[in-house]
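# Coordinate inspection notes
So you can see what is in the structure, the chains are spelled out below.
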Amino acid sequence: MSKVTISVIKADVGGYVGHSSMHPELIQKAEEQLSKARDQGKLLDFRVMHCGDDLELIMTHERGVENKDVHKLAWDTFVGATEVAKNLKLYGAGQDLLSDAFSGNVKGMGPGVAEMEFTPRKSEPIVVFMADKTSPGAWNLPFYRMFADPFNTAGLVIDPALHEGFKFRILDLKENKAVMFRCPEDLYDMLVFIGSPSRYAVMAVYRKKDDEIAGVASVQRLGYLAGRYIGKDDPVMIVRSQSGFPAIGEILEAFAFPHLVEGWMRGSHIGPLMPVGFQDAHPTRFDGPPRVIAAGFQINDGKLVGPRDMFADVSFDEARRQANFIAEYMRRIGPFEPHRLPLDEMEYTTLPQVMEKLAGRFESLG
Ligand code: F6R
Ligand code: MG
Ligand code: MG
């Protein structure tokens, strides 16, 4: 078969209740719109899902990445869902749609986008990860684990098809510059950057021996786009698996340890990323803790066979238990760092007002 593109485009266009979850009518509305597009031949297939308050459009087609028609379709679908959200007076209706009119590409307009194009193998297993109450850098550690860490991915050591390693494309979110690292030889250099996920985020991973795309992430940061807090850039990621890529179990293993990520409560707190089944993708305690779901698919002639709910498995119970334990530990620190983000990284701040009010009370000590 010829090349297939998988586009995962997401936006928060209204929460139910508050920022916690998704009203079923938004999913219905998005399904209606994408069904029409599939019938008209614009898409090969699609699934509509949600993680917390984020509406996730998973689409396959033959139009390549950054295709105007596909992006317009996603945009129109979000606009349609926003109407439903407004009618129901859901919370923050249309919050991630930063512009009134579509201008050719949803990037920079609010929605998050992860897309990859490839020639499907005889059998093509992929996993789409979707997270809520966090930000794109949250994928740095799992990406590293999957594609560079031999303690996670046994194949890097013992499978000749993976042994050469992978290349990582990293984005400097502040300066909007990208840099490529080849692993394992550039590992230590790369960690200098990806160890700082609020500034640097993994955009894509390629297999070194043939440049085949292996993984891709949404790296849009709403904060940088809008210049002020207008919602979280809860990220998505697509990963290819098996036969020359990490096995499904190696990919999922990267989430068995609930690492700390940014984005909990008011986008201003750090908490553990909890891997959950679809049923539990509704951050509730202190608007969290941050969640990640994993939707597994087999691609069959461009059609999506799935999703299979990959974290709905008892082997992730311990990760969830640990995440709850860490969440409790972090909550006890309350308004102190490192639960609360450093002053200049918080999405909400009262600092300027408080500073102004107290200006006269600061005495210079030299
Ligand atoms: C975090 C998040 C929520 C909101 C919080 C306050 O990413 O979305 O924690 O920041 O519920 O929301 P507002 O300011 O809309 O009342
Ligand atoms: Mg929201
Ligand atoms: Mg969200």
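Whatever comes next refers back to the structure up there.
Here is a short report on the structure shown in this document. (Residues numbered from 1 in each chain as written. Chains lettered and ligands numbered in written order. Predicted model: local features only at pLDDT ≥ 70, side-chain atom pairs only at ≥ 80, totals over all residues. Heavy atoms only, no water.)

Attention now goes to the overall build of the protein chain. The number of helices and strands found in the protein chain is ten helices and 15 strands. For 366 residues, the compact-globule estimate of 2.2 N^0.38 gives 21 Å, and the protein chain sits close to it at 20 Å. Referenced to the eigenvectors of the C-alpha coordinate spread, the extents of the protein chain come out at roughly 70 × 50 × 40 Å. A burial count over the protein chain gives 56% of its 366 residues as buried. Once local pairs closer than 6 in sequence are excluded, the contacts in the protein chain between residues at least 24 apart make up 68%. (Helix = DSSP H or I, 4+ residues; strand = E, 2+ residues; numbered from the N terminus. Rg over C-alpha atoms; globule rule 2.2 N^0.38 Å. Buried < 20%, exposed > 50% of the residue type's maximum accessible area, 1.4 Å probe, protein only. Contact = heavy atoms within 4.5 Å.)

Here we come to the coordination of the magnesium ion (ligand 2). Each protein donor to the magnesium ion (ligand 2) is listed here as Asp-12 (OD), His-19 (ND1) and Asp-53 (OD); together their distances run 1.9 to 2.2 Å. Taken in sequence order, the residues that donate to the magnesium ion (ligand 2) follow the motif D-x6-H-x33-D. For Asp-12, a relative accessible area of 2% gives the class buried. (Donors = N, O, S within 2.8 Å, 3.2 Å for Na, K, Ca; no water.)

Let us look at a nonpolar patch on the surface. Residues Leu-343, Leu-351, Met-355 and Phe-362 make up a contiguous nonpolar surface patch of about 380 Å² in total accessible area. Tracing the sequence through the fold places Leu-351 in helix H10 (residues 351-358). (Patch = residues over 30% accessible without salt bridge, like charges linked within 9 Å, V, L, I, M, F, W, Y side chains within 5 Å. Areas by Shrake-Rupley, 256 points an atom, 1.4 Å probe, with all protein chains shown as cover. Salt bridge = Lys/Arg side-chain N within 4 Å of Asp/Glu carboxyl O.)

With respect to the element layout, Glu-345 can be found in the loop between helix H9 (317-333) and H10. A C-alpha to C-alpha distance of 17 Å links Glu-345 and Ile-194, two positions 151 residues apart in sequence. With sequence-adjacent residues up to four places away left out, Glu-345 is seen in contact with Ser-198 and Glu-262.

Turning next to the coordination of the magnesium ion (ligand 3). Taken together, the protein donors to the magnesium ion (ligand 3) comprise Asp-53 (OD), Asp-54 (OD), Asp-132 (OD) and Asp-234 (OD), at separations of 2.1 to 2.4 Å. A gap of 4.8 Å separates the magnesium ion (ligand 3) and the magnesium ion (ligand 2), which Asp-53 links by coordinating each metal. Taken together, the residues Asp-54 in strand S3 (residues 54-61) and Asp-234 in the loop between helix H6 (222-226) and strand S10 (236-240) connect sequence positions 180 residues apart. Considered together, Asp-54 and Asp-234 belong to a single accessibility category, that of buried residues.

Phe-129, Phe-168 and Phe-255 are the most contacted members of the largest nonpolar core, which totals 41 residues. Among the elements that make up this core, the one with the highest residue count is helix H3 (residues 140-148) (five residues). Excluding residues within four positions of it along the chain, Phe-168 makes contact with Phe-143, Tyr-144, Phe-147, Ala-148, Val-179, Met-180, Phe-181, Cys-183, Met-190, Val-202, Ala-204 and Val-205. (Core = buried A, V, L, I, M, F, W, Y, C linked by side-chain atoms within 4.5 Å.)

Here we take up the pattern of salt bridges. For side chains of opposite charge, pairing can occur when their charged atoms come near one another. Considering all chains together, one arrives at 22 salt bridges under this definition. Note that Asp-45 is salt-bridged to Arg-47, the shortest N-O span being 3.4 Å. With relative accessibility at 4%, the residue Asp-45 sits in the buried group. On the accessibility criterion, Arg-47 (23% relative accessible area) is partly exposed. When the shortest N-O distance is used, the salt bridge between Arg-207 and Asp-210 registers 2.8 Å. In the salt-bridge network here, residues are joined through shared partners; they are Arg-121, Glu-124, Glu-212 and Arg-240.

Sheet strands line up and pair through hydrogen bonds in the backbone, either parallel or antiparallel. Taken together, four strands build an open sheet; the order of strands is S2-S3-S1-S4 and the sheet is antiparallel. On the outer flanks of this sheet lie strand S2 (45-51) and strand S4 (112-118), each paired with one strand and no other. Ignoring which end each strand starts from, the neighbouring axes of this sheet average 15° apart. This element, helix H1 (residues 24-39), spans S2 and S3 of the sheet and lies at about 165° to S2. Sitting on the sheet, helix H2 (residues 68-87) touches strand S1 (4-11), S3 and S4, and the angle it makes with S3 is about 150°. (Pairing = 2+ DSSP bridges. Axes fitted to C-alpha atoms, helices over the stretch in contact; angles between N-to-C directions.)

Bringing the environment of Pro-307 into the picture now. In this structure, Pro-307 sits in strand S15 (residues 303-309). Accessibility expressed as a relative area gives 33% for Pro-307, which makes it partly exposed. Each C-alpha atom, one on Pro-307 and one on Gln-28, is 17 Å from the other, the two residues being 279 residues apart in sequence. Here Pro-307 is in contact with Arg-47, Met-49, Phe-278, Ala-295, Gly-296 and Phe-297, once residues within four sequence places are set aside.

One pass over the full model with this rule turns up twelve aromatic pairs. Their ring planes at 85° and their centres at 6.1 Å tell us that Trp-139 and Phe-255 sit as a pair that is edge-to-face. Of the two residues, Trp-139 is situated in the loop between strand S5 (124-132) and H3 and Phe-255 in the loop between helix H7 (248-253) and strand S11 (260-263); the sequence distance between them amounts to 116 residues. Ring centres of Phe-143 and Phe-147 lie 6.3 Å apart, and the angle between their planes is 35°; this geometry places the pair in the tilted category. Of this pair, Phe-143 and Phe-147 both sit in helix H3, four residues apart, roughly one helical turn. The same class applies to Phe-143 as to Phe-147, namely buried. These aromatic residues form a ring-pair network of at least three members: Phe-129, Trp-139, Phe-255, Phe-311 and Phe-316. If you follow Arg-207 out to its NZ or CZ, it ends over the ring of Phe-245, 4.5 Å from the centre. (Phe/Tyr/Trp six-rings, centres within 6.5 Å; stacked < 30°, edge-to-face > 60°. Lys NZ or Arg CZ within 6 Å of the ring centre and 35° of its normal.)

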